[in-house]
Amino acid sequence: MRLKKSMINSISNILIYFISMVPLFIVRKVFLNQLGDELLSVNSLFSDIIGMMSIFELGIGTAIVFSLYKPFAVDDRIKIKGYLDYYQKFYRRVGLIILVVGLVLAPFISKFIKVDIKVPYLGFYFILYLVNTVISYFFTYKTCILQVAQQGYKLTLSTALSKLAISSFQIIVLIKYQNYYLYLILEIFINLIYYILINRYIDKKYEWLSQTKGKIEKSEEQNLIKNIKAMFMHKIGSLVINSTDSIVIANFVNLISVGKFKSYRMVIAAVETLTWKGMSGIIASIGNLIAEEDEQSIYLVHKRLFFLNFWMVSFIIISLFNTLNQFIVLWLGVDQLIDSLTFVVILLNCYFSLMRSSVESFKEGAGVYHEDRYAPLAESIINLVASIILVQWIGLPGVFLGTMISNLTVVFWIKPLVVYRHLFKRSVLEYFKTYFKYVLIAIIPLILSSWLTAPFKYTYTIGAFSINVMINILVINILYLIIFWKNNEFDYFKSILIKIGSGLYQKLKG
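Residues numbered from 1 in each chain as written. Predicted model: local features only at pLDDT ≥ 70, side-chain atom pairs only at ≥ 80, totals over all residues. Heavy atoms only, no water.

Caption draft 1: A look at the packing of helix α18 (residues 429-453) against helix α19 (residues 462-484). Closest axis-to-axis distance for the α18/α19 pair is 10 Å, and the angle between their directions is 145°. In this structure, α18 crosses over α19, and the sense of that crossing is right-handed. On the side of α18, the interface is formed by Tyr-438, Ile-441, Ala-442, Ile-444, Pro-445, Leu-448, Ser-449, Leu-452 and Thr-453, while α19 contributes Asn-468, Ile-471, Asn-472, Val-475, Ile-476, Leu-479, Tyr-480, Ile-483 and Phe-484. By residue class, the composition of the contact of α18 with α19 is 14 nonpolar, four polar and no charged. (Axes fitted to C-alpha atoms, helices over the stretch in contact; angles between N-to-C directions. Helix = DSSP H or I, 4+ residues; strand = E, 2+ residues; numbered from the N terminus. Left-handed = near helix turned anticlockwise from the far one by under 90°. Contact = heavy atoms within 4.5 Å. Nonpolar A, V, L, I, M, F, W, Y, C, P; charged D, E, K, R; others polar.)

Caption draft 2: The arrangement of the pattern of salt bridges in detail. With the rule as written, the count across this model stands at 10 salt bridges. Of the charged contacts in the structure, one is a salt bridge between Arg-356 and Glu-360, with a shortest N-O distance of 3.7 Å. The class for Arg-356 is buried, based on a relative accessible area of 10%. You can call Glu-360 buried: its relative accessible area is 16%. (Salt bridge = Lys/Arg side-chain N within 4 Å of Asp/Glu carboxyl O. Buried < 20%, exposed > 50% of the residue type's maximum accessible area, 1.4 Å probe, protein only.)

Caption draft 3: Fine view of the nonpolar core. Of all hydrophobic cores here, the largest spans 130 residues; its most connected members are Phe-46, Ile-145, Tyr-180, Phe-310, Tyr-480 and Phe-484. Those residues in contact with Tyr-180, other than ones at most four positions away along the chain, are Phe-31, Leu-35, Leu-39, Asn-43, Phe-46, Tyr-125 and Tyr-129. With five residues, the next largest nonpolar core counts Ala-375, Val-410, Ile-414 and Val-418 among its residues. (Core = buried A, V, L, I, M, F, W, Y, C linked by side-chain atoms within 4.5 Å.)

Caption draft 4: View of the side chain of Thr-403. Examined against the element boundaries, Thr-403 turns out to sit in helix α17 (residues 396-424). Within the structure, the side chain of Thr-403 is placed 2.9 Å from the side chain of Asn-383, a separation counted as a polar contact. In contact with Thr-403, not counting residues within four places along its chain, are Ile-241, Asp-245, Asn-349, Asn-383 and Ser-387. (Polar contact = N/O pair within 3.5 Å; in protein donor to acceptor, adjacent residues only side chain to side chain.)

Caption draft 5: Molecular detail of the side chain of His-302. As for its position among the elements, His-302 is in helix α13 (residues 295-331). Overall, His-302 belongs to the buried group, its relative accessible area being 1%. Only 2.9 Å separates the side chain of His-302 from the side chain of Tyr-420, close enough to count as a polar contact. With near-sequence residues (within four places) excluded, His-302 lies in contact with Ser-358, Val-359, Phe-362, Tyr-420 and Phe-424.

Caption draft 6: Up close: the packing of aromatic side chains. Taken as a whole and assessed by the stated rule, the structure comprises 50 aromatic pairs. A centroid spacing of 6.0 Å and a plane angle of 80° characterise the contact between Phe-25 and Phe-327, whose relative ring orientation is edge-to-face. Placement of Phe-25 in helix α1 (residues 2-53) and of Phe-327 in helix α13 is noted, with a sequence separation of 302 residues between them. Phe-25 gets classed as buried once you look at its relative accessible area, which sits at 14%. Overall, the relative accessible area of 25% leaves Phe-327 in the partly exposed class. Ring geometry for Tyr-492 versus Phe-493: centroids 5.2 Å apart, planes at 80°, classification edge-to-face. Positioned above the aromatic ring of Tyr-206, the side-chain terminus of Lys-205 is 5.7 Å from the ring centre. (Phe/Tyr/Trp six-rings, centres within 6.5 Å; stacked < 30°, edge-to-face > 60°. Lys NZ or Arg CZ within 6 Å of the ring centre and 35° of its normal.)

See below:
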């Protein structure tokens, strides 16, 4: 049952997210054509500035989800409602704080940009962007119950439908009116409808929520606060790594480079999110696994997921290395390309981040937040200082080299160390032996696929791009099939696929 729910969540998360992302790429293309790269860059900058303000959320969402696993498993409705009430009060306060801080920042928003730009009503646009973010803090607290119930796919589906609606109407508004104001208003309006509807669905499905008076013990509240404090440190690290790049680029390079970077980032973020959504579909199952199984069984599952994670991530990064620049030209035009060094460093950072997916899933499933709470703070300081120094020496690539330095010196080794020491009770050397073995294996398809795609990837046509993509899909996966055919972890997934295939055959036959 656990495996079945995990697979349903993971596969549905990936498929739904992939489908919902396509209109967003169309929106960005239409936005660039109708409103220009300067306003596109402004929109990207707004996203990161608002993202920085989510630091006030303190990571309570993750801490609450972890705290809900046990009461949900035993159907302790009083405790579930108690945690949700706590979540609601906290999130509403956070929403108000972000609103106030945003309104104070609005008149000075142009100070985040290196040179003067010709965009009227910049502060007003920022306020609209701010409102769209703030309303989420008043409605989303209940949605965590779907994740804990291993029904995250329902949330993913409803979110995807709302994004499809937003994208469709925004495309129409951009083509017909070329109006940024209407573009933002539409998103606020449809998001508000979505939040109301998803909350009504949860209220109907869990009617007892409105009939139950929630309560959590003092010791549970103290433990929750302890996890929130630890998650706050993690939140700082995540925000500095993911939200300051655009601000540094806008201040030390130029605004147009923000738009170019965010176009690449949009593709890479889509890939990262697909991977994380696939992994997040099993986090609830991991939480149950940790509660029910012994260390040896837990570690065996980790080894299998680490193998699957490597296959997915290396395939994605090698494919992006061979196809992404070609895709950017076909999508947005040759003037939206970035330099080769920046491109390679961004992909390497993506690889390091995604290769932690298995460790991160077990870390989150086990609620191990407190032990490495200072690591993100150290990472964020190193990242920001290194990026500001290097961007002044070598320009745009320096921003992302700073990210790489902070990654390798802190989280690259600390997160696996914490999980292996506190959860698996094993030496972290086992992790790094496997990690670097996988890196060496990945070099083989990287070299071969790069050589085979060379005649096609600099030809900017749909036909050449399609051939490039097919070569990557076939070459990388066939090589891995040959290399891993007798591998224990591969045997496990092979047996699952055989079972699924046999079941489908029997149904079709019957």
